[in-house]
Amino acid sequence: MKISYKDIGFKNALLREPKKLPPAKKPNILFKTLLKIVSIFDLAAVKFKTNKIGMDKLKRKDQCLILMNHNSFLDLEIATSALYPRSINIVATTDAFVDKAWLMRQLGCVPINKFSTNPNVVKECLRLVRKKKSSILMYPEAGYSFDGTATTMADTIGKFVKMLDIPLITIITHNAFHRQPLYNNLRKRKVQVTADIEYVLSPEEIKKLTAEEINKIVFDKFSFDAFKEQQEKKLIIDDPYRAEGLHRVMYKCPHCMSEDDMIGEGTTVTCKKCGASYELTEIGFLKNLNGETKIDHVPSWYKWEREEVRKELIENKYETDTDVEIYILKDPYKLYKLGDGHLHHDNNGFHLTGGDGLLDYHQGVKHSHSVNSDFYWYQVADIVCVGDHKVLYYCVPKKKINVAKVRLAAEELYKLNKN
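Residues numbered from 1 in each chain as written. Predicted model: local features only at pLDDT ≥ 70, side-chain atom pairs only at ≥ 80, totals over all residues. Heavy atoms only, no water.

Can you help me understand empty space enclosed by the protein in this one?
Empty space among the atoms becomes visible once a probe the size of a water molecule is rolled across them. Summed over the entire model, instances satisfying the criterion amount to six cavities of 30 Å³ or more. The space that makes up the largest cavity amounts to roughly 100 Å³. Contributing to the lining of the largest cavity are Pro 27, Lys 32, Leu 35, Thr 80, Tyr 84, Arg 86, Ile 88, Ile 90 and Leu 107. Secondary structure elements with two or more residues in the lining of the largest cavity: α2 (29-45) and β4 (88-93). Among the residues making up the lining of the largest cavity, the classes are represented as six nonpolar, one polar and two charged. (1 Å grid on protein atoms, 1.4 Å probe; cavity = no way out; pocket = protein on both sides within 12 Å on 5 of 7 lines; lining within 4 Å. Points joined across faces, edges and corners; volume = space filled by probe spheres on them. Helix = DSSP H or I, 4+ residues; strand = E, 2+ residues; numbered from the N terminus. Nonpolar A, V, L, I, M, F, W, Y, C, P; charged D, E, K, R; others polar.)

Below, the structure written as structure tokens:
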């Protein structure tokens, strides 16, 4: 999927007044049906099946809040097909509306800027539940998983669940990550995809629990590990390109500690500085081909990198500094190209400048629990996106940096400073 933009320069784009989107509609049954029909082919290709747990408790006319993990472009098709014909409004990233705002509205989508606090979205969800008698579908991770485990989630989920006061449902997919991993530029693989659809909490149970207790329940439901599951089930993925791009996740060498020399090609990830070469085996393990295997699990490698980033932050040694190409999104209708700028990230947060002083944006470390770093964003490039509920700045680095490290740094900075 691609995204279009207009190149109108810094001044015109920054001064341009955003267009307001009308309040979300209850999803149109015709478009819901069309989406279900279109989804048949994609879901048949992965032999999709569902496993429903306790869903007999949810009556046909009951509203509910559905929290779903976010691993693949199949996610929307899975949710809408599995829950059809239930009326569901979907909280979706604002950039997904560009060029197709009308269609997204027919499907009942509510736009939200990733990793930003927007009370209006909460109010909109409350309106849809109370006045339109609709259910709500959200992806609490907001961003795709990089390593096959849950992306860091906000600790406000429990409050939102209590505020809506409707049954809580979770949809956890299995193998959707392996179907189209983001690090692999979304190349499709032949795997079966399934989903567990579970009735988790009733309104009566929600009333008795604190927001923190609900958070724990939700976080436990999202404690999946796609690579571990592959290993346990001995799921064979023998594609000759299965490690292509994996250096985006495994960006640091545990042997020589270099961060700029990893390259994922074919079935291996190799450090060009020291020569350490790891094969991603057919069942998802990491195996050193020319020495000691220090880490044999992709999520463990990513976790180790997180710990390394945290050390840098505590010692005040972390810094990302790069020239970037900047795009701006002020509303769900159009993306605009600003031009060249500069992005700096350190213990004080993000600082984005450009246009000979026309743009000077600061984002503090407590702004959000994470940041929108993405691989292969709309088939454009790896990006870092900063901004708030009013405006987003999509930054395409002009030199080689690892956007996964930027995400890790933002998350660890938040943890270190939130109290």
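Can you walk me through the side chain of Ser 135 in this structure?
Along the chain, the position of Ser 135 falls in strand β6 (residues 135-138). Other than its neighbours up to four places away in sequence, Ser 135 contacts Asp 62, Gln 63, Cys 64, Ile 66, Arg 86, Ser 87, Ile 88 and Asn 89. (Contact = heavy atoms within 4.5 Å.)

Looking at this structure, how should I read helix α9 (residues 211-221)?
One turn of the α-helix equals 3.6 residues, which is why residues spaced by three or four share an orientation. Every buried residue belonging to α9 is among Ala 211, Ile 214, Asn 215 and Val 218, and all of these are buried. Along the axis of α9, the buried residues cluster in a sector spanning 105°; they form a single face. The exposed set on the far side of α9, more than 90 degrees from its buried face, consists of Glu 212 and Lys 216. Looking at the buried positions of α9, the neighbouring elements they touch are β3 (65-68), α6 (157-164), β7 (168-174), β8 (194-201) and α8 (203-208). (Buried < 20%, exposed > 50% of the residue type's maximum accessible area, 1.4 Å probe, protein only. Arc of directions from axis to C-beta.)

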